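The lines below spell out each chain.
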Amino acid sequence: MDLRVFTEPQQGATYDTLLRVAKTAEELGYDAFFRSDHYLHMGSVDGLPGPTDAWITLAGIARETSRIRLGTLMTAGTFRLPGVLAIQVAQVDQMSGGRVELGLGSGWYAEEHKAYGIPFPKEKFGRLEEQLAIVTGLWETPVGERFSYDGTFYQLQDSPALPKPAQDRMPLLIGGHGAKRTPALAARYASEFNIPFASVEDSERQFGRVRAAAEERGRKGDDLVYSNALVVCVGRDDAEVKRRASAIGREVDELKANGLAGSPAEVVERLGRYAAVGSQRVYLQLLDLDDLDQLELIASEVMPQLA
């Protein structure tokens, strides 16, 4: 099972903080560094010093790292026109030497749209379908040929479909809890399906839906990677777990019920339950970005047991 670091910078983080986490994750052997794509904090935090843009951040980190993969969970489709997004992601992929992965979702947080004057359309899922068709279509169009698209929400005419990513096939993540349209969309476009903050039972059910949708479309269920995103709070003993839970404003019992919390042994056991229902990769939601010791603890005492 791959372990990836997943950050929520809208809660309060500078670029320098994110770079430090990414470089530490690379040094410790984590598979990837991912970040959310939000412009407004959530909950009772003040969000200081303010938001950072996901793709500007990843572009900078791409030039400061050499191995770790980089991506978003999830880029909000409401934030960017699909043609512009295709250019941005392809450029960052080039800047990283082919280490980028795009997670793309419909966008959901209405308050951040109001706060920064971003349109928040009612029909978001239909737009997401067209965005996926456009982004993948632009990347897959051979150099020298043109791409056009006539959709309900977006129209492209005679696009040169440039630039291209460094990777021949850009990994594309689709995720969510939807029972019908989300699995169908993943079956059509995704290389990875991610379910965030879900129980073992709900993960098994949703993975099954995606597998069935993939097979219905003529793909093998195993063509996709299946992953979870879960909050993490690991300590060497109960006191350390409690201290880390308090630092992120959570209760230990709640974290154990809904995430990955406790001793390294407890977390390994919990990860094993997710692996048993088909999870191949876990994004560790690290909420205290100054606590690099926790990353080291997981790397030294959890990661080796997952090999």
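Structure: see above.
Let me sum up the structure you'll find in this document. Model, not experiment: these values are computed from the prediction.

## Concerning the overall build of the protein chain
Then, in step 1: Helix and strand counts for the protein chain stand at 11 helices and 12 strands.
Then, in step 2: Computed over its C-alpha atoms, the radius of gyration of the protein chain comes to 19 Å, within 12% of the 19 Å expected for a compact globule of 307 residues.
Then, in step 3: Projecting the C-alpha coordinates of the protein chain onto the three principal axes gives extents of approximately 60 × 45 × 35 Å.
Then, in step 4: Relative to its full complement of 307 residues, the protein chain shows a buried share of 55%.
Then, in step 5: Expressed as a percentage of contacts within the protein chain between residues at least 6 apart in sequence, the contacts between residues at least 24 apart total 72%.
Then, in step 6: About 13,700 Å² of surface is accessible on the protein chain, with carbon and sulfur atoms providing 49% of the total.
Then, in step 7: With 34 positive and 44 negative side-chain charges, the protein chain shows a spacing of 4 Å between the two charge centroids.

## Things to note about the pairing of strand β1 (residues 2-7)
Both faces of the sheet carry side chains from a regular strand, because those side chains alternate between them.
Then, in step 1: For β1, the tally of buried residues reaches five of six residues, placing the bulk of the element in the interior.
Then, in step 2: In this sheet, strand β2 (residues 32-35) lies alongside β1 in parallel orientation, the contact comprising four bridges. Considered in β2, the bridge of Val5 is made with Phe33.
Then, in step 3: Since β1 and β2 lie parallel, the crossover through helix α1 (residues 15-28) that links them has a hand, and here it is right-handed.

## Some details on the pairing of strand β5 (residues 100-105)
Then, in step 1: A large share of β5 lies buried, amounting to six of its six residues.
Then, in step 2: Of the strand pairs in this sheet, strand β3 (residues 69-72) and β5 are connected by two bridges, and their pairing is parallel. The residue bridging Leu70 from the neighbouring strand is Val100, located in β5.
Then, in step 3: In this structure, strand β4 (residues 75-76) lies alongside β5, joined through two bridges in parallel fashion. Directly across from Ala76, in β5, lies its bridge partner Gly105.
Then, in step 4: As a crossover connection, the stretch from β4 through helix α3 (residues 82-96) into β5 is right-handed.
Then, in step 5: As paired elements, β5 and strand β8 (residues 172-175) share two bridges and run parallel to each other. Residue pairing in the sheet places Gly103 in a bridge with Leu173 of β8.

## Concerning the pattern of salt bridges
Then, in step 1: For the structure shown, the criterion picks out 21 salt bridges.
Then, in step 2: With its nearest N and O atoms 2.9 Å apart, the salt bridge here joins Glu254 to Arg250.
Then, in step 3: Among the residues examined, Arg250 registers a relative accessible area of 26% and is labelled partly exposed.
Then, in step 4: Connected through shared salt-bridge partners, Arg236, Glu240, Arg243, Arg244, Asp291 and Asp293 make up one network.

## Quick word on the packing of α1 against helix α11 (residues 292-301)
Then, in step 1: With their axes 10 Å apart at the nearest point, α1 and α11 run at an angle of 20° to one another. The orientation of α1 with respect to α11, classified from their angle, is roughly parallel. Of the two elements, α1 crosses α11, and the hand of that crossing is right-handed. Side by side, α1 and α11 meet where Arg20, Val21, Thr24 and Leu28 of the first sit next to Leu292, Leu295, Glu296 and Ala299 of the second.
Then, in step 2: Taken together, the residues that form the contact of α1 with α11 break down as five nonpolar, one polar and two charged.

## Some thoughts on helix α10 (residues 264-276)
Then, in step 1: An ideal rise of 1.5 Å per residue puts 18 Å on 13 residues; α10 measures up with 18 Å between its terminal C-alpha atoms.
Then, in step 2: Gly278, located one to two residues past α10, shows a positive phi value of around 110°.

## What about the nonpolar core?
Then, in step 1: Ranked by internal contacts, the top residues of the largest apolar core, which has 76 residues, are Leu3, Tyr30, Phe33, Trp55 and Leu102.
Then, in step 2: Sorting elements by how many residues they give to this core places helix α5 (residues 125-140) first, with eight residues.
Then, in step 3: Sequence-distant contacts of Phe33, that is, excluding residues within four places in its chain, are made with Val5, Thr7, Leu18, Val21, Ala22, Leu58, Ile61, Ile68, Arg69, Leu70 and Gly71.

## Regarding unusual backbone geometry
Then, in step 1: For the bond from Leu48 to Pro49, the omega torsion is 10°, close enough to zero to count as cis.
Then, in step 2: Note that Pro49 resides in the loop between β2 and α2 (54-64).
Then, in step 3: The omega angle of the peptide bond from Leu73 to Met74 is -25°, so this bond is cis rather than trans.
Then, in step 4: Tracing the backbone shows Met74 in the loop between β3 and β4.
Then, in step 5: Of note in this structure, Ala161 is not a glycine but carries a positive phi near 55°.
Then, in step 6: When you line up the elements, Ala161 lands in the loop between β7 (155-159) and β8.
Then, in step 7: Of note in the backbone geometry, Phe197 takes a positive phi value of approximately 55° without being a glycine.
Then, in step 8: Position of Phe197 relative to the elements: it lies in the loop between β9 (192-196) and α7 (200-216).

Each value, and the rule that gives it
Residues numbered from 1 in each chain as written. Predicted model: local features only at pLDDT ≥ 70, side-chain atom pairs only at ≥ 80, totals over all residues. Heavy atoms only, no water. Helix = DSSP H or I, 4+ residues; strand = E, 2+ residues; numbered from the N terminus. Rg over C-alpha atoms; globule rule 2.2 N^0.38 Å. Buried < 20%, exposed > 50% of the residue type's maximum accessible area, 1.4 Å probe, protein only. Contact = heavy atoms within 4.5 Å. Areas by Shrake-Rupley, 256 points an atom, 1.4 Å probe, with all protein chains shown as cover. Lys, Arg positive; Asp, Glu negative; His and termini not counted. Charge placed at Lys NZ, Arg CZ, Asp CG, Glu CD. Pairing = 2+ DSSP bridges. Right-handed = clockwise from strand over helix to strand, strands pointing away. Salt bridge = Lys/Arg side-chain N within 4 Å of Asp/Glu carboxyl O. Axes fitted to C-alpha atoms, helices over the stretch in contact; angles between N-to-C directions. Parallel < 35°, antiparallel > 145°, perpendicular 65-115°, else oblique. Left-handed = near helix turned anticlockwise from the far one by under 90°. Nonpolar A, V, L, I, M, F, W, Y, C, P; charged D, E, K, R; others polar. Expected span 1.5 Å × (residues − 1). Core = buried A, V, L, I, M, F, W, Y, C linked by side-chain atoms within 4.5 Å.

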